[in-house]
Amino acid sequence: MGWVVARAEANGGFLERSELLDFHIDDRRFPIIDRSRGIRNPAIFASTLSIVQSVHGPYADTESEDGFLHYAYQAGDPWGGANNKLREAISTGAPLILFRKEQPNIYTPIAPVYVVDDDVENREFIIALDEALRFIPDVRQLDASQRAYARRLAKVRLHQPAFRTRVLVAYKRRCSICLLAHGSLLDAAHIVPDSEPLGVPTVVNGLSLCKIHHAAYDQNFIGISPDSRVVVDDELLAERDGPMLKHGLQEMHGRVLLTPDNPSHSPNRENLAWRFERFLARA
Ligand SMILES: [Zn+2]
C-alpha cells in the first residue's frame, strides 16, 4: 500500500495497469490487481488486497452520493470466495486499496479504504474512505453531520484525485502554461471553481498546471483568455526580481496554452471567459 501511494504520487496521482500486474516482493511476482476480476484476493491474505471500480463517463461519481462507495458483489455466488474475503475485512478492519479505473490502463489509487457493511439486499458492500467511519454503528442511518463529513471526505479523497488523473492524462502530464513534465509537481486546476454551479470536475473545466502556475492562476497573477492565451498581471510584469519571476512568470505572458490532443477535452471557452472576467476585474 505504501508503494502504491508513493508511486502514484511521484507519477501524478495514478498508475498504469502493467506496473500493478508486475509488482514484485522478494523476486516473486505479486500482482496488486487481479488480471481479470475486480477483486484481488491473494491466497495468503485473509481478506481482500484491492478492488477496482470502473468509471464510465465524467459524471460517474454517483456511487458516492452518501460519501461511501457502493461496491457490487462479484457475479455468481454471493457467499463465494471473492465476496467472502471482502466480507472478512468488515470484522478484521483490515484496510484495502480502491483503484478507480478512469480509462483503460489508468488507475487512481485511493488507500487505505475500509469495508464497513454488507448490504445483502442490494448485493453490495459499503466502503468507507476513512477509518473513523468504521466506528459508526449503522452507516445506512447517518445523522446530518456524519453525512456531511462523509460527503466532504468523498470530495477530497475520491473525486479530487480522480479529477487530477483525468486532467493530467488529457494533457499528457505537462503544465499547460510552461510544459513542465513532472507529474508530482502538477495539479488539476479548476477553471470555474467548484464552489460555483459551473465548476464541475470535468476535463473541459480543468487545466493541468504546475504548482507555481496553479497558485499564480488562483491568485490572479495570471489570467487565461477565452482563446487560450496567457496574460500576466501588469504590475507583476513591471517588477524586477530573480529568475523565477523573470523566466517562470513574466516570460509566460502571451504564450498560447497547451491543449489536449483530443479536441473534445480542450478547455471550455465559456468557462475560460467566466474566469477571465474575474481576472480582468481583479484588485
Ligand atoms: Zn507551469
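Shown above is the structure to which this text applies.
Owing to the predicted nature of the structure, the values given are computational and were not obtained by experimental measurement.

Points about the coordination of the zinc ion
Taken together, Cys-175 (SG), Cys-178 (SG), Cys-210 (SG) and His-213 (ND1) make up the full set of protein donors to the zinc ion, lying 2.1 to 2.3 Å away. Every donor counted, the four donor atoms about the zinc ion form angles of 93 to 121° at the centre, which fits tetrahedral coordination. If you list the donors of the zinc ion from N- to C-terminus, the spacing comes out as C-x2-C-x31-C-x2-H. Here the residue Cys-178 occupies a position in the loop between α4 (144–170) and β10 (186–190), and His-213 occupies one in helix α5 (residues 211–218), the gap between them amounting to 35 residues. With a relative accessible area of 2%, His-213 lands in the buried category.

Considerations on the environment of Leu-20
With respect to the element layout, Leu-20 can be found in helix α2 (residues 17–21). Sequence separation between Leu-20 and Ser-91 is 71 residues, and the spatial gap between their C-alpha atoms is 27 Å. Those residues in contact with Leu-20 that lie beyond four places of it in its chain are Leu-15, Pro-31, Ile-32, Ile-33, Phe-99 and Tyr-107.

Some points on the side chain of Thr-165
Among the structural elements, Thr-165 can be located in helix α4. Contact partners of Thr-165, with chain neighbours within four places excluded, come to Gly-13, Phe-14, Glu-102, Ile-106 and Thr-108.

Points about a negative patch on the surface
A contiguous patch of negative charge, built from Asp-234, Glu-235, Glu-239 and Asp-241, is present on the exposed surface. When you line up the elements, Glu-239 lands in the loop between α6 (234–238) and α7 (243–249). A residue is classified by how much of its surface remains accessible, and Glu-239, at 40% relative accessible area, is partly exposed.

Remarks on the pairing of strand β5 (residues 50–54)
Most of β5 sits inside the fold, with four of its five residues counted as buried. Alignment of strand β4 (residues 39–40) against β5, held across two bridges, turns out to be antiparallel. The partner of Arg-40 across the bridge, within β5, is Ser-50. Relative to strand β7 (residues 96–103), β5 is paired through five bridges, and the arrangement is parallel.

Observations regarding the pattern of salt bridges
This structure, assessed with the given rule, holds 17 salt bridges. As a salt-bridge pair, Arg-164 and Glu-9 come within 3.6 Å of each other at their nearest N and O atoms. In this pair, Arg-164 sits in helix α4 while Glu-9 sits in helix α1 (residues 2–11), placing the two residues 155 residues apart along the sequence. We classify Arg-164 as buried; its relative accessible area is 13%. Arg-134 serves as the salt-bridge partner of Glu-131, at 3.6 Å between the closest nitrogen and oxygen. Several salt bridges converge on common partners, so that one network encompasses Arg-100, Glu-102 and Arg-166.

Criteria and thresholds
Residues numbered from 1 in each chain as written. Predicted model: local features only at pLDDT ≥ 70, side-chain atom pairs only at ≥ 80, totals over all residues. Heavy atoms only, no water. Donors = N, O, S within 2.8 Å, 3.2 Å for Na, K, Ca; no water. Tetrahedral: all angles 85-135°; square planar, octahedral: opposite > 155°, others 65-115°. Helix = DSSP H or I, 4+ residues; strand = E, 2+ residues; numbered from the N terminus. Buried < 20%, exposed > 50% of the residue type's maximum accessible area, 1.4 Å probe, protein only. Contact = heavy atoms within 4.5 Å. Patch = residues over 30% accessible without salt bridge, like charges linked within 9 Å, V, L, I, M, F, W, Y side chains within 5 Å. Areas by Shrake-Rupley, 256 points an atom, 1.4 Å probe, with all protein chains shown as cover. Salt bridge = Lys/Arg side-chain N within 4 Å of Asp/Glu carboxyl O. Lys, Arg positive; Asp, Glu negative; His and termini not counted. Charge placed at Lys NZ, Arg CZ, Asp CG, Glu CD. Pairing = 2+ DSSP bridges.

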